[in-house]
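# Observations on the model geometry
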Amino acid sequence: MDAGLAAVLGATVGALGTAAAGATAALLSRSTARHQVRTETLRALRESRRATYASYAKTIDHYLDRLATTLIPLERVERFPDQREVWTENAHKQWKEALRYRQTEVDTQRVLLQLDATRPVAEGAQQVAKWCVLLSRATGRAIADLKGQDLDTGPLSSPSPNYAQLLMDEGFDPEKPDLERLRSRAREAYNAFLSTAAADLGEASILA
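Cut-off values and rules
- Residues numbered from 1 in each chain as written.
- Predicted model: local features only at pLDDT ≥ 70, side-chain atom pairs only at ≥ 80, totals over all residues.
- Heavy atoms only, no water.
- Phe/Tyr/Trp six-rings, centres within 6.5 Å; stacked < 30°, edge-to-face > 60°.
- Lys NZ or Arg CZ within 6 Å of the ring centre and 35° of its normal.
- Axes fitted to C-alpha atoms, helices over the stretch in contact; angles between N-to-C directions.
- Helix = DSSP H or I, 4+ residues; strand = E, 2+ residues; numbered from the N terminus.
- Parallel < 35°, antiparallel > 145°, perpendicular 65-115°, else oblique.
- Left-handed = near helix turned anticlockwise from the far one by under 90°.
- Contact = heavy atoms within 4.5 Å.
- Nonpolar A, V, L, I, M, F, W, Y, C, P; charged D, E, K, R; others polar.
- Expected span 1.5 Å × (residues − 1).
- pLDDT = per-residue confidence, 0-100.
- Core = buried A, V, L, I, M, F, W, Y, C linked by side-chain atoms within 4.5 Å.
- Buried < 20%, exposed > 50% of the residue type's maximum accessible area, 1.4 Å probe, protein only.
- Patch = residues over 30% accessible without salt bridge, like charges linked within 9 Å, V, L, I, M, F, W, Y side chains within 5 Å.
- Areas by Shrake-Rupley, 256 points an atom, 1.4 Å probe, with all protein chains shown as cover.
- Salt bridge = Lys/Arg side-chain N within 4 Å of Asp/Glu carboxyl O.

Right, let's talk about the packing of aromatic side chains for a bit. Following the criterion strictly, the structure yields 2 aromatic pairs and no others. It is Arg-181 that lies over the ring of Phe-172; its NZ or CZ is 4.0 Å from the centre.

A few words now on the packing of helix α2 (residues 84-116) against helix α3 (residues 119-147). Following both chains from N to C, one finds α2 and α3 inclined at 160°, their axes separated by 10 Å at the closest point. The angle between α2 and α3 places the two elements in the roughly antiparallel class. Taken as a pair, α2 and α3 cross one another with a handedness that is left-handed. Here α2 contributes Arg-84, Thr-88, Glu-89, Ala-91, His-92, Trp-95, Arg-102, Leu-113 and Gln-114 to the contact with α3, which in turn contributes Val-121, Ala-122, Ala-125, Val-133, Ser-136, Thr-139, Gly-140, Ile-143, Asp-145, Leu-146 and Lys-147. Across the contact of α2 with α3, the residue classes tally to 9 nonpolar, 6 polar and 5 charged.

Moving on, we get to α3. When the terminal C-alpha atoms of α3 are compared, their 42 Å separation across 29 residues agrees well with the 42 Å that a helix rising 1.5 Å per residue should span. Positive backbone phi, approximately 75°, marks Gly-148, located one or two places after α3.

Model confidence for the protein is summarised by a mean pLDDT of 84, while 75% of its residues fall at 70 or above. Put simply, helix α1 (residues 3-79) is where the protein has its lowest mean pLDDT, 75, and helix α5 (residues 179-201) is where it has its highest, 96.

A separate point is the packing of α3 against α5. How two helices sit against one another is set out by the angle between their axes and by the gap between those axes. At a minimum axis distance of 9 Å, the contact between α3 and α5 shows a crossing angle of 165°. Comparing the axis directions of α3 and α5 gives the class roughly antiparallel. You can see that α3 and α5 cross each other, and the crossing is left-handed. Taken together, the residues of α5 that come into contact with α3 (itself represented by Pro-120, Val-121, Gly-124, Ala-125, Gln-127, Val-128, Trp-131, Leu-134, Leu-135, Ala-138, Thr-139 and Ala-142) are Leu-179, Leu-182, Arg-183, Arg-185, Ala-186, Ala-189, Tyr-190, Phe-193, Thr-196, Ala-197 and Asp-200.

Here we come to the nonpolar core. In terms of nonpolar packing, the biggest core is built from 43 residues, with Tyr-53, Ile-60, Leu-113, Leu-182, Phe-193 and Ile-206 touching the most fellow members. For this core, the elements supplying multiple residues, two or more each, are α1, α2, α3, α4 (163-169) and α5. The biggest single contributor to this core is α3, with 11 residues. Leu-113 has contacts with Thr-52, Tyr-53, Tyr-56, Val-121, Ala-125 and Phe-193, leaving out every residue within four places of it along the chain.

Before going further, it helps to examine α5. For the α-helix, the turn length of 3.6 residues means that residues three or four positions removed from each other point alike. Along its 23 residues, α5 runs 33 Å from first to last C-alpha, staying within 8% of the 33 Å computed at 1.5 Å per residue. A positive backbone phi angle near 70° is found at Gly-202, which sits one or two residues after α5.

Attention shifts here to a nonpolar patch on the surface. Together, Val-111, Leu-112 and Leu-115 line one region of the surface with nonpolar side chains, adding up to about 300 Å² of accessible area. Looking at the secondary structure, you find Val-111 in helix α2.

In this section: the pattern of salt bridges. Under the definition given, this model contains 10 salt bridges. For Arg-185, the salt bridge is made with Glu-188, and the minimal N-O distance between the two is 3.7 Å. On the criterion of helical spacing, the pair formed by Arg-185 and Glu-188 is a turn pair, its members being 3 residues apart in helix α5. For Arg-185, a relative accessible area of 24% translates into the label partly exposed. On the accessibility criterion, Glu-188 (46% relative accessible area) is partly exposed. In this structure, a network of salt bridges that share partners links the residues Lys-130, Glu-170, Arg-185 and Glu-188.

So, in structure tokens, the structure goes:
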């Protein structure tokens, strides 16, 4: 082969090799960049969900504490019947404060959760909401019975038209459900939600 032709072919092959190596490097670089973007996107999504789950959990925890506080004066009505009116009014006041909290903080967090949650977490939140509604409504009815009048629920319409049936399905007397047992069931649903949310994120706890 002519020396000049060999030199041209050698240069051409070298150029092709360099171009191929450059293309491969570019592809690898783009692939790495896409992987990094994808990893960062997933991390941001996970952090967003974690924040949403934790915020909802803390709000529900506070709401359940408010309802539990409402039960204290109701229990004292039975222990101190001569102070029935005082303890009934205390219970009514606590209940109204819990209701206002539910209409603002709880409902806001519930909407945010539904927008961000995976299906298992959303279903767990629905169970929490069910038991919170049953506990709140049963507590309100107990107070209304003591006062001899219906309670004003403000702009909040009845969220559970099948209230009596739901209670019966769960083994409660719809006329006079066990409030402490209802509170316990609400807490159980709340703890189940925490476990589901943590498992969804691959963590031990969302409140740690």
